[in-house]
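The residues making up each chain are set out below.
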Amino acid sequence: MENRTTGIVISVKKHWYFKVSAKPFRKHALDGATFPHTVTVKYCVNGKEYVKKKWLRACIPCPSVNETLTVIYDEEMPEKIRLDITPELDTAQLHKAVSVLSVLSSLSVIALSLLQLFEVWTRAIDLCVPLMGVMMLCQAHLHWNKSRKVAYFSIGTAVFIFACAIAVLFLK
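Rules and cut-offs
Residues numbered from 1 in each chain as written. Predicted model: local features only at pLDDT ≥ 70, side-chain atom pairs only at ≥ 80, totals over all residues. Heavy atoms only, no water. Helix = DSSP H or I, 4+ residues; strand = E, 2+ residues; numbered from the N terminus. Rg over C-alpha atoms; globule rule 2.2 N^0.38 Å. Buried < 20%, exposed > 50% of the residue type's maximum accessible area, 1.4 Å probe, protein only. Patch = residues over 30% accessible without salt bridge, like charges linked within 9 Å, V, L, I, M, F, W, Y side chains within 5 Å. Areas by Shrake-Rupley, 256 points an atom, 1.4 Å probe, with all protein chains shown as cover. Salt bridge = Lys/Arg side-chain N within 4 Å of Asp/Glu carboxyl O. Expected span 1.5 Å × (residues − 1). Contact = heavy atoms within 4.5 Å. Core = buried A, V, L, I, M, F, W, Y, C linked by side-chain atoms within 4.5 Å. Pairing = 2+ DSSP bridges. Axes fitted to C-alpha atoms, helices over the stretch in contact; angles between N-to-C directions. Parallel < 35°, antiparallel > 145°, perpendicular 65-115°, else oblique. Left-handed = near helix turned anticlockwise from the far one by under 90°. Nonpolar A, V, L, I, M, F, W, Y, C, P; charged D, E, K, R; others polar. Phe/Tyr/Trp six-rings, centres within 6.5 Å; stacked < 30°, edge-to-face > 60°.

Asker: Help me understand the overall build of the chain, please; the structure alone is not making it clear to me.
Answerer: A tally of regular secondary structure across the chain gives 3 helices and 7 strands. For the chain, the N- to C-terminal ordering of α and β elements is β-β-β-β-β-β-β-α-α-α. Taken over C-alpha atoms, the radius of gyration comes to 26 Å for the chain, far larger than the 16 Å a tight globule of 172 residues would show. The dimensions of the chain, computed from C-alpha atoms along their principal axes, are 75 × 45 × 25 Å. The 172 residues of the chain split such that 26% are buried.

Shown next, in the form of structure tokens:
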């Protein structure tokens, strides 16, 4: 069974001789080059300290010395580990931004619908349709972790709305 503990990076070694080119064409020798690393981590399991070296591929962001990492180890063999070094994304900020975009799109659709309804601007409905597509994409993002069915349905609806908006644009 897997358990987690915290570990401290005690050394980092960059392997300069294993250059991985990230670009198909380069302007100079190290243009777009990334390198794999060997990270030495010290961690403690049941009062016993372990020091383990782990190889990190070139595409993985390398932690710095004295950085705290999450170490995932096997309960029966604590010397066998994996490192959890994925950066924590600030999903709360992204969720707020998408929610604000959804609300602004909804308010814009309401305002444009009122302009069309009272014949202030007769072409206002042409802008409502793409905004409804944006709202559906926002809903897909907001429901992605809760219900994939709803998210996929929202994406499909948004694609259909955008296709209708493009068709209306070219037919007029």
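Asker: What exactly am I supposed to notice about a nonpolar patch on the surface here?
Answerer: There is a patch of nonpolar side chains on the surface, built from Val100, Val103, Leu104, Leu107, Ile110, Leu114, Leu115, Leu117, Phe118, Val120, Trp121 and Leu127 and spanning about 1200 Å² of accessible area. Mapped onto the elements, leucine 117 comes out in helix α1 (residues 91-117).

Asker: Help me out: how do you make sense of helix α3 (residues 148-171) in this one?
Answerer: Because an α-helix packs 3.6 residues into every turn, residues spaced three or four apart end up facing the same way. When the terminal C-alpha atoms of α3 are compared, their 34 Å separation across 24 residues agrees well with the 34 Å that a helix rising 1.5 Å per residue should span. Listed in full, the buried residues belonging to α3 are Ala151, Ser154, Ala158, Ile161 and Ala165. Contact partners of the buried residues in α3: α2 (125-143).

Asker: Sorry, what's going on with the nonpolar core here?
Answerer: Soluble, globular proteins show a tendency: their nonpolar side chains are buried together. Membership of the largest hydrophobic core comes to 13 residues, with the highest contact counts inside it found for Val41, Tyr43, Leu69, Val71, Ile81 and Leu83. Those elements that provide at least two residues to this core are β4 (37-45), β5 (48-56), β6 (68-74) and β7 (81-84). Per-element accounting of this core gives the leading share, 4 residues, to β4. Tyrosine 43 has contacts with Thr5, Thr6, Gly7, Lys48, Glu49, Tyr50, Lys52, Val71, Pro78, Glu79 and Ile81, leaving out every residue within four places of it along the chain. Core analysis: the second largest hydrophobic core is formed by 5 residues, Val109, Leu112, Cys128 and Met135 among them.

Asker: Is there a simple way to think about the sheet that holds β5 in this case?
Answerer: The strands making up a sheet associate through hydrogen bonds between their backbones, and the pairing can be parallel or antiparallel. In spatial order, the strands read β5-β4-β1-β6-β7; together these 5 strands make up an open sheet with antiparallel pairing. With partners counted over all chains shown, the strands left at the sheet margins are β5 and β7, one partner each. When the angles between neighbouring strand axes are averaged without regard to direction, this sheet yields 35°. Direction of pairing for strand β1 (residues 2-14) relative to β4: antiparallel, over a ladder of 7 bridges. Residue pairing in the sheet places serine 11 in a bridge with threonine 40 of β4.

Asker: Teacher, can you tell me more about the packing of α2 against α3 here?
Answerer: Packed helices, taken two at a time, are described by their axes: the angle between them and the distance between them. Between α2 and α3, the shortest axis-to-axis distance is 8 Å and the interhelical angle comes to 165°. Taken together, the axes of α2 and α3 lie roughly antiparallel to each other. When the axes of α2 and α3 are compared, the crossing they make is left-handed. In this structure, α2 contributes Asp126, Val129, Pro130, Met132, Gly133, Val134, Met136, Leu137, Gln139, Ala140 and His143 to the contact, and α3 contributes Arg148, Val150, Ala151, Ser154, Ile155, Thr157, Ala158, Ile161, Phe162, Ala165 and Val168. Taken together, the residues that form the contact of α2 with α3 break down as 15 nonpolar, 5 polar and 2 charged.

Asker: Help me understand the packing of aromatic side chains in this model?
Answerer: Summed over all chains, the structure comprises 4 aromatic pairs. A ring pair is formed by tyrosine 43 and tyrosine 50, whose centres lie 5.4 Å apart and whose planes are at 20°; its orientation type is stacked. Here tyrosine 43 matches tyrosine 50 in class, with each residue buried. An aromatic cluster is present here, built from Tyr17, Phe18 and Trp55 joined pairwise through their rings.

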